[in-house]
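Structure assessment
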Amino acid sequence: QVQLVESGGGLVQAGGSLRLSCTASGRSLSSYAMGWFRQVPGNQREFVAAISRKEGYTDYPDSVKGRFTISRDNAKNTVYLQMNWLKPEDTAVYYCAGDFTEYILRTPRETWEYDYWGQGTQVTVSS
């Protein structure tokens, strides 16, 4: 079993940047495709980014493409989400998630595809 802990959230003005980190313990992340999701109270959890086990394969929805970048450092057992040009509508609790998979190029988009979740970190973007 793997435990995921997010950090790096906070309050930022529109147009600013934040970098979220997700650090794993208990197991190596090298066996996991990793993803970031976000959720606003009353809404479903929304896909934000995914990265395959083999770095270099990523996926984003149109709402964040060109502004957000997911990356991973398997040696540090950490996944990152660099968020630039933040908008007020990016305000949410951000969660990282791990998909234990044998497929090295897999980049899941759906919540049900992930096996483990962090507790979330709040990101608030002021206008």
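Above this text you will find the structure in question.
Residues numbered from 1 in each chain as written. Predicted model: local features only at pLDDT ≥ 70, side-chain atom pairs only at ≥ 80, totals over all residues. Heavy atoms only, no water.

1. Some details on the pattern of salt bridges
Quick note on the threshold: Any carboxyl oxygen of Asp or Glu that lies within 4 Å of a side-chain nitrogen of Lys or Arg is treated as forming a salt bridge with it. Burial here depends on accessible area, computed with a 1.4 Å probe over protein chains only, as a share of the maximum for the residue type. Under 20% is buried, over 50% is exposed, and the range in between is partly exposed.
Applying the stated criterion across every chain yields a total of seven salt bridges. Notably, a salt bridge pairs arginine 38 with glutamate 46, separated by 2.9 Å at the nearest N-O pair. Exposure remark for arginine 38: the relative accessible area of 6% places this residue in the buried category. Among the residues examined, glutamate 46 registers a relative accessible area of 32% and is labelled partly exposed. Salt bridges here are not isolated pairs; linked through shared partners, they connect Arg38, Glu46, Arg67 and Asp90.

2. Section: unusual backbone geometry
The backbone phi angle of asparagine 77 is positive, close to 55°, even though this residue is not glycine. Note on asparagine 77: relative accessible area 14%, which makes it buried. Phi angles above zero are rare outside glycine, and tryptophan 85 is one such case at about 50°.

3. Regarding the nonpolar core
Applicable threshold: Side-chain atoms within 4.5 Å are what join buried Ala, Val, Leu, Ile, Met, Phe, Trp, Tyr and Cys residues into a set we call a nonpolar core. Segments assigned H or I by DSSP are reported as helices when at least four residues long, segments assigned E as strands when at least two residues long, and all are numbered from the N terminus. Residue contacts follow a heavy-atom distance rule, with two residues in contact if any of their heavy atoms lie within 4.5 Å.
Counting 27 residues, the largest nonpolar core has Trp36, Leu81, Met83 and Tyr94 as the members making the most contacts within it. Secondary-structure elements contributing two or more residues to this core are strand S3 (18-25), strand S4 (32-39), strand S5 (46-51), strand S7 (68-73), strand S8 (78-83), strand S9 (92-100) and strand S11 (121-126). A total of four residues in this core trace back to one element, the largest contributor, which is S3. When near neighbours in sequence (up to four residues on either side) are disregarded, leucine 81 contacts Leu18, Arg19, Leu20, Trp36, Val48, Ala49, Phe68, Thr69, Ile70 and Tyr94. Among the nonpolar cores identified, the runner-up in size contains five residues, and Phe37, Phe47, Ala50 and Ala97 belong to it.

4. Considerations on the sheet that holds S3
What counts, and what does not: In this scheme, strands are said to pair when DSSP sees at least two bridges between them. Axis definition: a line fitted to C-alpha atoms, limited for helices to the stretch in contact. Angles are taken between N-to-C directions and run from 0 to 180 degrees.
Judged by pairing direction, the sheet is antiparallel, and its four strands sit side by side in the order S1-S3-S8-S7 without closing on themselves. Edge strands, defined here as strands with exactly one partner in the open sheet, are strand S1 (3-7) and S7. Here the average twist between neighbouring strands, direction ignored, is 15°. Pairing between S1 and S3: five bridges, direction antiparallel. Looking at the pairing, glutamate 6 lines up with cysteine 22 of S3.

5. Some points on the side chain of aspartate 59
Heads up, the rule is: Pairing of N or O atoms within 3.5 Å defines a polar contact, subject to two protein rules: one partner must be a possible hydrogen donor and the other a possible acceptor, and residues neighboring in sequence count only if both atoms are side-chain atoms.
Checked against the element boundaries, aspartate 59 lands in strand S6 (residues 58-59). In terms of polar contacts, aspartate 59 uses its side chain to reach the side chain of arginine 109, at 2.5 Å. Apart from the residues lying within four places of it in its own chain, the contact partners of aspartate 59 are Phe47, Val48, Ala49, Ala50, Thr107 and Arg109.

6. Focus on the side chain of aspartate 90
Its place among the elements puts aspartate 90 in the loop between S8 and S9. Overall, the relative accessible area of 0% leaves aspartate 90 in the buried class. Separated by 2.8 Å, the side chains of aspartate 90 and arginine 38 make a polar contact. When near neighbours in sequence (up to four residues on either side) are disregarded, aspartate 90 contacts Arg38, Arg67, Phe68, Trp85, Val123 and Val125.

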